[in-house]
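Report on the structure
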Amino acid sequence: MKNLVRMAAIFFLALSFSCNEKKEHVANETPSEPIMEFQEIERIEPLNWWVGFKNQELQLLVKHPNISKAVPQINYAGVTIDKVHKADSPNYLFIDLTLAETTKAGKFNIEFTFENGDKKQHTYELKTRKKSADDFIGFDSSDAIYLITPDRFANGNPENDIVGSMNETTIDRTDGYARHGGDIRGIINHLDYIHDLGYTAIWPCPLLTNDMPRGSYHGYAMTDYYEIDPRFGTLEDYLELSSKMSAKGMKLVMDQVANHCGLEHWWMKDLPFKDWVNYQPHYEENKDDWNGQVTKTSNHKRTANQDIYASKADKEGMTDGWFVSDMPDLNQRNPYMAKYIIQNSIWWVETANLGGIRQDTYPYPNKDFMGQWAGAIMTEYPNFSIVGEEWSYNPLLIAYWQNGAKNKDGYNSNLRSPMDFAMQRKVVEALNEEESWDRGLVKIYEGLANDFHYVKPKDLLIFPDNHDMSRIFTQLNGDVINTKMALSYILTLPRIPQVYYGTEILMDDFDKPGDHGLIRTDFPGGWEGDSINAFTGEGLTAAQKGMQTFLSKVLNYRKNSKAIHEGSTTHFAPQNGIYALFRTNGDETVVHIINKNEGVTNLDLSRFDEIGLNGKTLKNIVSEDTMVWGDTLELKEKGSMILTTKF
């Protein structure tokens, strides 16, 4: 009997121990009931994070008066504080966290205990990812991107035009460098217009807060990397834009800036480290009398990134110099700054369900960091896309920045899509110049021949113009036919095309070519009371309506053309002012012909026999006329022609 009692006691003791152990385990799991939430810390960034990333590290920037005197503590299953870093300023902490694979989504409080025993808490949230990383599909050669300067496109919500607490509080549509009031709601209201034109993606210039005293409309001088500028709308507006675009099968491309911020960025009032921005000692010595004259600006010698003979001074002057006097140059060699920028980009991809990133001034930051930045994003999102701005007319320099390039210095950018400024210039030269053996159409023939040097030509971004250069209609001297030829050629190339808003109605900057304020003119019909409305066609000229129709037909055909998206490319050297390019995929062949001759010209088709079109019926995708490919093709007038075997 004593043995039975002893065994029973042991059994119940073991059972009790097991239950207690289970209770302890449950207590450390994500609490099922809501916690008491606190927001007692001035700023913690990223604002939230997600579970399930490949990279399980997370670094929190904490900003609060004398926060360096506090010790942080987190009690949440799967979240570990690995290290706490103090900055040079006492008002910052950087906390390194590890999120275990088993970590569950939920909210928890970070408790900060100060030396005097005071405590402050801040609630942080780990969210569940809404879709898998593989389902973040970036833009590619099947897409056509519509570039918008939001302040100048459409004013959907006049109530947010002026925010009294911000530095710039006026609206003046007569001033090309003032705010005009366009916003996110304006883009949302006209999604049908953009979609029906045939675009599959939209790239708005930056929408983050630019609380600058002037010129804040363009968006490239961010003063808060985690906030939508309230004059453009709210985060909810931005997410609505993304959601409604997704419902239409469209992709949202976010314009980001890793190179610089705005001078009024909140951290410029209290820089965390002595090397947070480049030439920081110089700035801090002169900031009280800052007038732009004492700035150490970039020398803009972008070739220093590749030049094997470049001096150390030129390399430093390129990467470390400020872009302009009111845009501090971020020091990505500071590991905390580097981590901040990378996490911010990922935060926006995940938050806004992005379909791509356009990275401004790509060659200006530290290039090793840029490879790290793009690599971190592409590792998390293997089907994503990033386009980088390399404003160079030299294909060798452009190719250097594309992922997989066989660079002699071993550099790999991890960047999928550089911008093809070289081909853009060749298109303009080809159409503006008189024909000769070395001028005119031979420029695009030889320009396209440079594709042998690119790892993946069809991933390059091509464009007729953008927000920083004269409108294509201006570049082509107001010639409507030449403008159509440029656009049709760009839209049939093995590239990703981007077209600037207003190109479809021949917007121009003739009055002051190259002036940014004029290039970024208001889109007619975007404001109540506009006498012309390009969204409805009211008040447009016949030429403008004709261009809208032309672009819509080409873009909408392009949407479903596998030959243009991924087909093989064959072109023939220009002869007698005519240049022909063929794109083929299976039984679909697209023929693009540029004819610079006035009057009737007969084109001998026997030269193109290798394409195998003899006897086939083709349709003109613009006029919708059909023809049988035979011995000759009568070209009745100057212009471009796009023919297809698929209709």
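Residues numbered from 1 in each chain as written. Predicted model: local features only at pLDDT ≥ 70, side-chain atom pairs only at ≥ 80, totals over all residues. Heavy atoms only, no water.

Scanning the chain for helices and strands turns up 16 helices and 26 strands. Expected size for 647 residues packed as a compact globule is a radius of gyration near 26 Å; at 29 Å, the chain falls within 12% of this value. Seen through its principal axes, the chain has C-alpha atoms that stretch 110 × 75 × 60 Å. Relative to its 647 residues, the chain shows a buried fraction of 56%. Each charge class in the chain was averaged separately, 66 positive and 91 negative side chains, and the resulting centres sit 5 Å apart. (Helix = DSSP H or I, 4+ residues; strand = E, 2+ residues; numbered from the N terminus. Rg over C-alpha atoms; globule rule 2.2 N^0.38 Å. Buried < 20%, exposed > 50% of the residue type's maximum accessible area, 1.4 Å probe, protein only. Lys, Arg positive; Asp, Glu negative; His and termini not counted. Charge placed at Lys NZ, Arg CZ, Asp CG, Glu CD.)

It is worth spelling out the pattern of salt bridges at this point. What the rule picks out here adds up to 35 salt bridges. Between aspartate 522 and arginine 173 there is a salt bridge, with its nearest N and O atoms 2.7 Å apart. Of the two residues, aspartate 522 sits in the loop between helix H14 (516-519) and helix H15 (542-559) while arginine 173 sits in the loop between strand S9 (145-148) and helix H2 (184-189), which places them 349 residues apart along the sequence. Taking relative accessible area as the criterion, arginine 173 reaches 37% and is therefore assigned partly exposed. In this structure, lysine 512 engages aspartate 515 in a salt bridge whose closest nitrogen and oxygen atoms are separated by 3.9 Å. (Salt bridge = Lys/Arg side-chain N within 4 Å of Asp/Glu carboxyl O.)

Taken in spatial order, the 4 strands make up an open sheet running S2-S8-S7-S4, and their pairing is mixed. The open sheet terminates on both sides in strands that have one partner only, identified here as strand S2 (49-50) and strand S4 (70-74). (Pairing = 2+ DSSP bridges.)

Negative phi is the rule for most residues except glycine; trans is the rule for most peptide bonds. The omega torsion of the bond from glutamate 45 to proline 46 falls at 0 degrees, within 30 degrees of zero and hence cis. Looking at the secondary structure, you find proline 46 in the loop between strand S1 (43-45) and S2. Here asparagine 414, not a glycine, exhibits a phi torsion of approximately 65 degrees, which is positive. Along the chain, the position of asparagine 414 falls in the loop between helix H9 (395-400) and strand S16 (417-418). Within the chain, asparagine 477 stands out as a residue other than glycine whose phi angle is a positive 60 degrees.

Of the residues in the chain, 94% have a pLDDT of 70 or more, and the chain-wide mean is 94. In this model residues 1-32 is a low-confidence stretch, pLDDT under 50, and it forms 11 contacts with partners more than four residues away in sequence or in other chains. (pLDDT = per-residue confidence, 0-100. Contact = heavy atoms within 4.5 Å.)

Attention now goes to the packing of aromatic side chains. To describe a pair of aromatic rings, you give the distance between the ring centres and the angle between the ring planes. Under the counting rule described, the total for this entry stands at 49 aromatic pairs. With centroids separated by 5.7 Å and ring planes inclined at 55 degrees, the aromatic side chains of tryptophan 49 and tryptophan 50 adopt a geometry described as tilted. Residue classification places tryptophan 50 among the buried positions, given a relative accessible area of 5%. With a centroid separation of 5.6 Å and an interplanar angle of 75 degrees, the aromatic rings of phenylalanine 572 and phenylalanine 582 are classed as edge-to-face. Here phenylalanine 572 is found in strand S19 (residues 568-575), whereas its partner phenylalanine 582 is found in strand S20 (residues 578-585), with 10 residues between them in sequence. The exposure class assigned to phenylalanine 572 is buried, which follows from its relative accessible area of 9%. Classification of phenylalanine 582 as buried rests on a relative accessible area of 1%. Just above the ring of tyrosine 217 sits the side chain of arginine 152; from NZ or CZ to the centre is 4.0 Å. Between arginine 425 and the ring centre of tyrosine 393, over which it is positioned, the NZ or CZ distance is 3.5 Å. (Phe/Tyr/Trp six-rings, centres within 6.5 Å; stacked < 30°, edge-to-face > 60°. Lys NZ or Arg CZ within 6 Å of the ring centre and 35° of its normal.)

A contiguous patch of negative charge on the surface is contributed by Asp604, Asp609, Glu610 and Asp631. According to the relative accessible area criterion, glutamate 610 is exposed, its value standing at 65%. (Patch = residues over 30% accessible without salt bridge, like charges linked within 9 Å, V, L, I, M, F, W, Y side chains within 5 Å. Areas by Shrake-Rupley, 256 points an atom, 1.4 Å probe, with all protein chains shown as cover.)

On to helix H8 (residues 367-380), then. Its 14 residues give H8 an end-to-end C-alpha distance of 20 Å, which sits within 8% of 20 Å, the value for a rise of 1.5 Å per residue. Extensive coverage of H8 is indicated by the burial of 10 of its 14 residues. Along H8, the positions that sit buried rather than exposed are Lys367, Phe369, Met370, Gly371, Trp373, Ala374, Gly375, Ile377, Met378 and Glu380. Buried-residue contacts for H8 involve strand S13 (251-256), helix H7 (335-352), strand S14 (356-359), strand S15 (386-388) and H9. (Expected span 1.5 Å × (residues − 1).)

This part takes up the state of the cysteines. On inspection of all chains with the given rule, the structure shows 0 disulfides. The thiol of cysteine 205 is unpaired, and the distance to the nearest cysteine sulfur, on cysteine 261, comes to 18 Å. Take cysteine 205: its relative accessible area is 2%, and that puts it in the buried class. For cysteine 261, a relative accessible area of 0% corresponds to the buried category. (Disulfide = S-S within 2.5 Å.)

A word on helix H4 (residues 235-247). Taking 1.5 Å of rise per residue, the 13 residues of H4 would be expected to cover 18 Å, and the 18 Å separating its terminal C-alpha atoms lies within 8% of that figure. Those residues of H4 that fall on the buried side of the exposure criterion are Asp237, Tyr238, Leu241, Ser242 and Met245. Angularly, the buried residues of H4 cover 140 degrees about the axis, an arc narrow enough to put them on a single face. Pointing more than 90 degrees away from the buried face of H4 are the exposed residues Glu236 and Ala247. In this fold, the buried residues of H4 make contact with H2, helix H3 (191-197), strand S10 (201-204), strand S12 (224-228), S13 and H7. Positioned one or two residues after H4, glycine 249 has a phi angle of 75 degrees, which is positive. (Arc of directions from axis to C-beta.)

This part takes up the pairing of strand S22 (residues 601-604). Burial along S22 is one-sided: Thr601 and Leu603 are buried, and none of Asn602 and Asp604, which face the opposite way, are. Bridge count for S22 against strand S25 (residues 632-635) is 4 bridges, and the pairing is antiparallel. Looking across to S25, one finds that leucine 603 is bridged to leucine 633.

Let's shift gears to the pairing of S20. Most of S20 sits inside the fold, with 6 of its 8 residues counted as buried. Sheet topology note: the S19/S20 ladder contains 6 bridges and is antiparallel. Bridge pairing in S20 links phenylalanine 572 to alanine 580. In the sheet, S20 pairs with strand S21 (residues 588-595) via 8 bridges, with the strands oriented antiparallel. Bridge pairing in S21 links arginine 583 to valine 590. Here S20 folds back onto S21 in antiparallel fashion, the turn holding 2 residues, of which glycine 586 has a positive phi close to 60 degrees.

Glancing now at the nonpolar core. A general trend in soluble globular proteins is that nonpolar side chains are found buried together. Core analysis: the largest hydrophobic core is formed by 142 residues, its most contacted members being Phe112, Tyr238, Trp267 and Trp373. The leading source of residues in this core is H7, at 11 residues. Core analysis: the second largest hydrophobic core is formed by 19 residues, Val427, Leu476, Ala486 and Ile490 among them. (Core = buried A, V, L, I, M, F, W, Y, C linked by side-chain atoms within 4.5 Å.)

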